[in-house]
Amino acid sequence: MTIMEQGGPTPQAAPDLIKETTTQTFVKDVIEESRRQPVMIDFWAPWCGPCRQLTPILEKAVRNAKGRVKLVKMNIDEHPQIPGQMGIQSIPAVIAFVNGQPADGFMGAVPESQVNAFIEKITKGVPAAGEPDLTEILKEAEAVLAEGDAGAAAQIYAEVLAHDATNIAALAGLAKCYVTTGAVEQAKQTLAMVPESKRNDAAVKAAQAMIDLAEQAQSVGPVAELEQKVAANPLDHQARFDLATALNAMGNRTEATEQLLAIVKRDRKWNDDGARRQLVQFFEAWGGTDEATVDGRKRLSTILFS
């Protein structure tokens, strides 16, 4: 499902975001509804001056949250049972319910900035109404790329970036797509858009590792020639190392791993532990959950600790 498929009009109308509740409808309006999205309940009374100050602030903040939270108001004079059960002794009092349970709250007529911060806290990770769930869409893009369709994955990542131009996972993913299709310079330009403070993000490091490996592969020569060199001299570790790099660039992860493990077996210290370090770079580029990474790590550990 892409952003365009997700981003159509939603049935939820703005008036549904704010409503009055009663003792009889409290469970439906607050408890049950909070299992779908956070709900704030505002306990108030007509005689309460601070309530009259706070309620418009709450309503404005909820509308600005664009469907990520609902506001339910309860007049404690008309409906004293629920606030009594909850121990509400002073108003205005605002309690946030999440997943059917009270999660947070505050008392008194607080400023708008504090109300906005409160809503941000209780709605963290909740998409606004009509907005796509970027987390799910990014997972889809990763799956499509893992299946080998870099073009389709790039389109999905580009849609995410059209919605959020600073999305780190999408920038890294798009860079991976470019590397996969051989457009290394475009990959570097895309990754350069990531702020320095985010360079240690796992997805960014994986994309950078892919770029580095692709650039290495451009300088090692044709696979057939490297295979001939290794066949002629199995102890030519540099040729085997270059062959692994070229094989990885072709997507042959299993055989690339085999070649580097062969070097580690024969001469762990060759080129300042270069074969093991190259394998680690492979694993970083492939991702920790990739089958080739999982299998390669096991086999490398067996060699190192046997």
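Calculation criteria
Each chain carries its own residue numbering, running from 1 in the direction its sequence is written. Per-residue local features are limited, in this predicted model, to residues with pLDDT of at least 70; the limit for side-chain atom pairs, both in listing and counting, is 80 or more; totals at the level of whole chains, interfaces and linings are taken over all residues. Side-chain descriptors were evaluated using all non-hydrogen atoms of the structure, hydrogens and water having been removed beforehand. Two strands qualify as a pair provided DSSP detects at least 2 bridges between them. Per the convention used, a helix needs a DSSP run of H or I reaching at least four residues, while a strand needs a run of E reaching at least two, with both numbered from the N terminus. Angles shown run from 0 to 180 degrees and are taken between the N-to-C directions of axes, each axis being a line fitted to C-alpha atoms and, for helices, limited to the stretch in contact. Two aromatic rings from Phe, Tyr or Trp, using only the six-membered ring of Trp, form a pair when their centres are within 6.5 Å; if the ring planes differ by under 30 degrees the pair is stacked, by over 60 it is edge-to-face, and anything between is tilted. Accessible area is worked out with a 1.4 Å probe on protein chains only. A residue is then buried under 20% of its type maximum, exposed over 50%, and partly exposed in between. Any two residues having at least one pair of non-hydrogen atoms within 4.5 Å are treated as being in contact. Here, two cysteine sulfur atoms that lie within 2.5 Å of each other are counted as a disulfide. Throughout this description, the term salt bridge denotes a Lys or Arg side-chain nitrogen within 4 Å of a carboxyl oxygen of Asp or Glu. Note: pLDDT gives the predictor's confidence per residue, expressed from 0 to 100.

(A) Structural view of the sheet that holds strand β1 (residues 18-20). Spatially, five strands are ordered β1-β3-β2-β4-β5 in an open sheet, and the strand pairing comes out mixed. The two strands at the open ends of the sheet, each matched to only one other strand, are β1 and β5 (101-107). Strand after strand, the sheet turns through a mean of 25° between neighbouring axes, direction not considered. As judged from the five bridges shared by strand β2 (residues 39-44) and strand β4 (residues 93-98), these two strands associate in the antiparallel manner.

(B) Main features of the packing of aromatic side chains. The tally for this structure, following the rule as stated, stands at five aromatic pairs. When the centroid spacing of 5.7 Å and the interplanar angle of 55° are considered together, the rings of Phe-241 and Trp-270 count as tilted. Here Trp-270 lies in the loop between α13 (253-266) and α14 (274-286) and Phe-241 lies in helix α12 (residues 237-249), a separation of 29 residues in the sequence. Across the pair, Trp-270 and Phe-241 agree in class, each one buried.

(C) Structural context of the side chain of Glu-59. With respect to the helices, strands and loops of the structure, Glu-59 is situated in helix α3 (residues 49-64). On the basis of relative accessibility, which here comes to 17%, the residue Glu-59 falls in the buried class. When residues no more than four places from it in sequence are discounted, the contact partners of Glu-59 are Ile-18, Leu-71 and Lys-73.

(D) Broad picture of the pairing of β4. A large share of β4 lies buried, amounting to five of its six residues. Taken together, the six bridges between β4 and β5 define a ladder with antiparallel strand orientation. Its bridge partner lying in β5, Phe-97 is registered against Pro-102. Between β4 and β5, which follow one another and run antiparallel, lie two residues, and Asn-99 among them has a positive phi close to 55°.

(E) Examining the state of the cysteines more closely. The full count for this structure, using the stated rule, is one disulfide. A disulfide bridge connects Cys-48 with Cys-51, and the sulfur atoms are separated by 2.4 Å. The S-S bond linking Cys-48 to Cys-51 shows a torsion near 80°; that makes this disulfide right-handed. Residue Cys-48 is classed as buried on the basis of its relative accessible area, which comes to 3%. Accessibility expressed as a relative area gives 2% for Cys-51, which makes it buried.

(F) Expanded view of the pattern of salt bridges. Overall, the coordinates contain 15 salt bridges when judged by the stated rule. The shortest N-O distance in the salt bridge between Asp-29 and Lys-19 comes to 3.2 Å. You can see Asp-29 sitting in helix α2 (residues 26-32) and its partner Lys-19 sitting in strand β1, a full 10 residues away along the chain. Judged by its relative accessible area of 7%, Asp-29 is buried. Between Asp-273 and Arg-268 there is a salt bridge, with its nearest N and O atoms 2.8 Å apart. For Arg-268, a relative accessible area of 38% corresponds to the partly exposed category.

(G) Structural context of the confidence of the model for the protein. Chain-level statistics for the protein give a pLDDT mean of 88 and a share of 92% at 70 or above. Within the protein, no element has a lower average pLDDT than helix α1 (residues 3-6), which sits at 42, and none a higher one than α13, at 96. Segment residues 1-15 is flagged for pLDDT under 50; beyond a separation of four residues in sequence, or across chains, it makes 26 contacts in the model.

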